[in-house]
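A look at the structure
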Amino acid sequence: MGGAAAPAFSRRRQLAGSSGWAGLIHNRKVFAIAVFASLGGLLYGYNQGVFSGVLNMNNFKERMGDAATDPDTKGWLVAILELGAWFGVLCTGYLADKLSRKYTIVLAVIVFCIGVVVQTAAFHPSSIFGGRFVTGLGVGSLSMAVPLYNAELAPPEVRGSLVALQQLAITFGIMVSFWIDYGTNYIGGTGAGQSPAAWRLPLALQLVPALVLGFGILFMPFSPRWLVNQGRDEEALQVISSNRNLPPDSDLVQIEFLEIKAQYLFEKETSAVRFPQYQSGSRSDNFKLAVFDYLSLLTTRSLLFRTAVGTLTMFFQQWTGVNAILYYAPSIFQNLGLTGNAIDLLATGVVGIVMFLATIPAVIWVDNAGRKPILVSGAFIMAGCHIIVAVLSGVYSDSWAMHGSKGAGWAACVFVWIFAMAFGYSWGPCAWILAAEIWPLSIRGKGVSIAASSNWMNNFIVGQVTPRMLDNLHFGTFIFFGAFSFVGGLFVLLFVPETKGLSLEEMDEVFGSEGIAAADAERQEAINKRIGLSQYDAPSEVHEEKHSSEKV
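Residues numbered from 1 in each chain as written. Predicted model: local features only at pLDDT ≥ 70, side-chain atom pairs only at ≥ 80, totals over all residues. Heavy atoms only, no water.

Quick look at the overall build of the protein now. On a plain count of helices and strands, the protein comes out with 25 helices and zero strands. Taken over 552 residues, the protein has a buried fraction of 59%. By sequence separation, contacts in the protein at least 24 residues apart represent 82% of the contacts at least 6 residues apart. Working note: accessible area of the protein is about 20,100 Å², and carbon and sulfur atoms make up 67% of it. (Helix = DSSP H or I, 4+ residues; strand = E, 2+ residues; numbered from the N terminus. Buried < 20%, exposed > 50% of the residue type's maximum accessible area, 1.4 Å probe, protein only. Contact = heavy atoms within 4.5 Å. Areas by Shrake-Rupley, 256 points an atom, 1.4 Å probe, with all protein chains shown as cover.)

Here is the structure:
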């Protein structure tokens, strides 16, 4: 939005509560809703982690043959889920705007469950391939819809923390999946007599949180920003009022509602000026406007900047090598000299624990520390870990089994764990926060879908090439990912603006609004006056509003 509403933004900041942990406690109803919605992240994380253990189970390898052992087919067996997720997330941009964020989550859960059932009942590789692709459709959709839903429900002062819950849920899912794999690996023994339940059970367990999410989300509120986009203003006002635990006529609730309304009207009226021929409201015209929305991500300068920030942040997130480690952790630990299937899974389980624990501070402090310092520090720590592991591997890879080299193997293992911690507090949560918060209301769903599709396409490529890289490049694999981690840190340091504490409507000023032309500025000011937002522009004494402490 243009500068005309800046005084109202300033007034809202005066009225808003604390950020960080205090802000989460103060906005505990939104916090509770976001925690529940983040079950989608748990499904995403569990699905990522569980398959790395399943791939190394004897019974699974016996049943799936070359599909689970040959580097090429093994790469496809892993990466087919990411390909499905890439397609699913592209479809979700339209569905989230059309069906609502809430019902899109329900649809994604249904698709996810179908894929899980096919995988669990599989007797041949084709069922695993097909099931993982369908599961990917659901996972990709959830990876976009959940952070979008959380970002649009969240008050600005805690939005980063609430969106970061998605990553906390992902790392929790990864951690749980690793240890479930470790336990079920012993069903029927770890050798030739291993039971099929060893891998079917961990796959089937995904259905439990999925069904809870799909049913429970029906009782959650709609996004107030989506409601405004649908012309359901009274419902939007009630959602904001309920989330803030304040009466609808309180200054803070009114300002937040009117900011959303002002941006919606500004974008609607701007669209009418730019495309007067497509304003009939027909299905055909709405489709054409949606196409122009996608094209505007490339043709409008400020939107192109946002698109670059969103897609490149997701690009660098994947090329840190995090999913190479998550998908192939047991193989990587074998390459680092840790022998025995149980020991591999045990070391892999520690990856899940440290990554989960490291994500907790991000949820609490991301709205205090900001996005940029966290992303930059995390990238440089990850780069350092990769280089150290590469050096240790280069020096000792031919002699891991020797008594004097075992310590070097465990040292390399420790730096893999430190890498997981660095990712957990930085690029894990903050990349998704940026992807969810930088877009204007009218194309937010489409913008997030493009950024998330970058995540999944690069995730797919990483999953596909990692087995070959480990076979052919050996320690060069870590140098490769370390270089990308370092460049990712430089990219954020030099090109990504800080977005902490800004409302979703204030992002226009940070990224360079297209509304700076005189006609657009006049239109924005007229809208502010028409809907009553301008009455909050004048400086006035701010009275502390009383917040009810009994209601959640």
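All told, the structure shown has ten salt bridges when counted by the stated rule. Residue Arg232 is joined to Glu235 by a salt bridge in which the shortest nitrogen-to-oxygen separation is 2.8 Å. When its relative accessible area of 35% is taken as the criterion, Glu235 is described as partly exposed. When the shortest N-O distance is used, the salt bridge between Arg244 and Glu256 registers 2.4 Å. Taken as a pair, Arg244 in helix H13 (residues 233–244) and Glu256 in helix H14 (residues 251–274) lie far apart in primary sequence, twelve residues in all. By relative accessible area, Glu256 is classed as buried at 11%. Taken together, the shared-partner salt bridges connect Asp97, Arg101, Glu152, Asp293 and Lys446 into one network. (Salt bridge = Lys/Arg side-chain N within 4 Å of Asp/Glu carboxyl O.)

Attention shifts here to the side chain of Asn150. Assignment of secondary structure puts Asn150 in helix H8 (residues 125–153). With residues up to four places along the chain from it excluded, the contact list for Asn150 reads Ala34, Ala37, Ser38, Leu162 and Val163.

Another aspect to go through is the nonpolar core. Grouped together as the largest cluster of nonpolar side chains are 122 residues, with contacts concentrated most on Ile105, Leu142, Tyr149, Leu213, Ile217 and Trp427. One finds Tyr46, Phe51, Phe60 and Leu203 within the second-largest nonpolar core, a separate group that totals 17 residues. (Core = buried A, V, L, I, M, F, W, Y, C linked by side-chain atoms within 4.5 Å.)

Attention now moves to the packing of H13 against H14. Contact geometry for H13 and H14: axes closest at 10 Å, N-to-C directions at 140 degrees. Overall, the two elements H13 and H14 adopt an arrangement that is oblique. The handedness of the crossing between H13 and H14 comes out as right-handed. Of the residues in H14, those in contact with Asp233, Ala236, Leu237, Ile240, Ser241 and Arg244 of H13 are Leu252, Val253, Gln254, Glu256, Phe257, Ile260 and Lys261. Of the residues assigned to the contact of H13 with H14, the class counts are seven nonpolar, two polar and four charged. (Axes fitted to C-alpha atoms, helices over the stretch in contact; angles between N-to-C directions. Parallel < 35°, antiparallel > 145°, perpendicular 65-115°, else oblique. Left-handed = near helix turned anticlockwise from the far one by under 90°. Nonpolar A, V, L, I, M, F, W, Y, C, P; charged D, E, K, R; others polar.)

Of note, Cys413 is situated in helix H20 (residues 406–425). Taking the relative accessible area as the measure of exposure, Cys413 reaches 0% and is therefore buried. Along the sequence, Cys413 and Ala347 sit 66 residues apart, while their C-alpha atoms lie 7.8 Å from each other.

Quick look at the environment of Glu234 now. Here Glu234 is to be found in helix H13. C-alpha of Glu234 to C-alpha of Pro224: the two residues are ten residues apart in sequence and 9.7 Å apart in space.

On to helix H10 (residues 197–204). For H10, the full list of buried residues reads Ala198, Trp199, Arg200, Pro202 and Leu203. Elements in contact with the buried residues of H10: helix H4 (39–55), helix H5 (58–64), helix H7 (101–120), H8 and helix H9 (159–184).

Even without being a glycine, Ser100 presents a positive backbone phi close to 105 degrees. Inspection of the secondary structure assignment puts Ser100 in the loop between helix H6 (71–99) and H7. Taking relative accessible area as the criterion, Ser100 reaches 1% and is therefore assigned buried. Of note in the backbone geometry, Asn245 takes a positive phi value of approximately 60 degrees without being a glycine. Take Asn245: it is sitting in the loop between H13 and H14. On the basis of relative accessible area, Asn245 is assigned to the buried category, the value being 19%.

What follows is about the packing of H7 against H8. Running from amino to carboxyl end, H7 crosses H8 at an angle of 160 degrees, the nearest separation of the two axes being 7 Å. Classified by the angle between their axes, H7 and H8 sit roughly antiparallel to one another. By crossing handedness, the relation of H7 to H8 is classed as left-handed. Class assignment of the residues belonging to the contact of H7 with H8 gives a composition of 17 nonpolar, eight polar and three charged.

As a further point, take a nonpolar patch on the surface. Judged by side-chain polarity, Phe380, Phe486, Val487, Leu490, Leu493, Leu494 and Phe495 come together as a nonpolar surface patch covering roughly 630 Å² of accessible area. Per-element accounting of the nonpolar patch gives the leading share, six residues, to helix H23 (residues 476–495). Structurally, the position occupied by Val487 is in helix H23. With relative accessibility at 40%, the residue Val487 sits in the partly exposed group. (Patch = residues over 30% accessible without salt bridge, like charges linked within 9 Å, V, L, I, M, F, W, Y side chains within 5 Å.)

The pLDDT averaged across the protein works out to 81; a share of 85% of its residues lies at or above 70. Highest mean pLDDT in the protein belongs to H7 (94); lowest belongs to helix H1 (residues 6–15) (59). Note that pLDDT drops below 50 for residues 1–5; the model gives that stretch 19 contacts with residues more than four away or on any other chain. Note that pLDDT drops below 50 for residues 539–552; the model gives that stretch 23 contacts with residues more than four away or on any other chain. (pLDDT = per-residue confidence, 0-100.)

A separate point is the packing of aromatic side chains. Inspection of the entire model under this criterion finds 25 aromatic pairs. Aromatic side chains Tyr44 and Trp456 sit 4.9 Å apart centroid to centroid with 45 degrees between the ring planes, which places their arrangement in the tilted category. Here Tyr44 is found in helix H4, whereas its partner Trp456 is found in helix H22 (residues 444–472), with 412 residues between them in sequence. Each member of the pair Tyr44 and Trp456 is classed as buried. With 5.3 Å between their ring centres and 55 degrees between their planes, Phe172 and Phe356 make a pair best called tilted. Within this pair, whereas Phe172 is found in helix H9, its partner Phe356 is found in helix H18 (residues 341–369), the two being separated by 184 residues in sequence. Look at Phe172 and you get partly exposed, because its relative accessible area is 33%. Given a relative accessible area of 15%, Phe356 falls into the buried group. Through a chain of ring-to-ring contacts, three or more aromatic side chains come together here, namely Phe315, Phe316, Trp319, Phe480, Phe481, Phe484, Phe491 and Phe495. Taking NZ or CZ as reference, Arg200 lies 4.6 Å from the ring centre of Phe123, over its face. Looking at Arg232, its charged tip hangs above the ring of Phe222, at a distance of 5.1 Å from the centre. (Phe/Tyr/Trp six-rings, centres within 6.5 Å; stacked < 30°, edge-to-face > 60°. Lys NZ or Arg CZ within 6 Å of the ring centre and 35° of its normal.)

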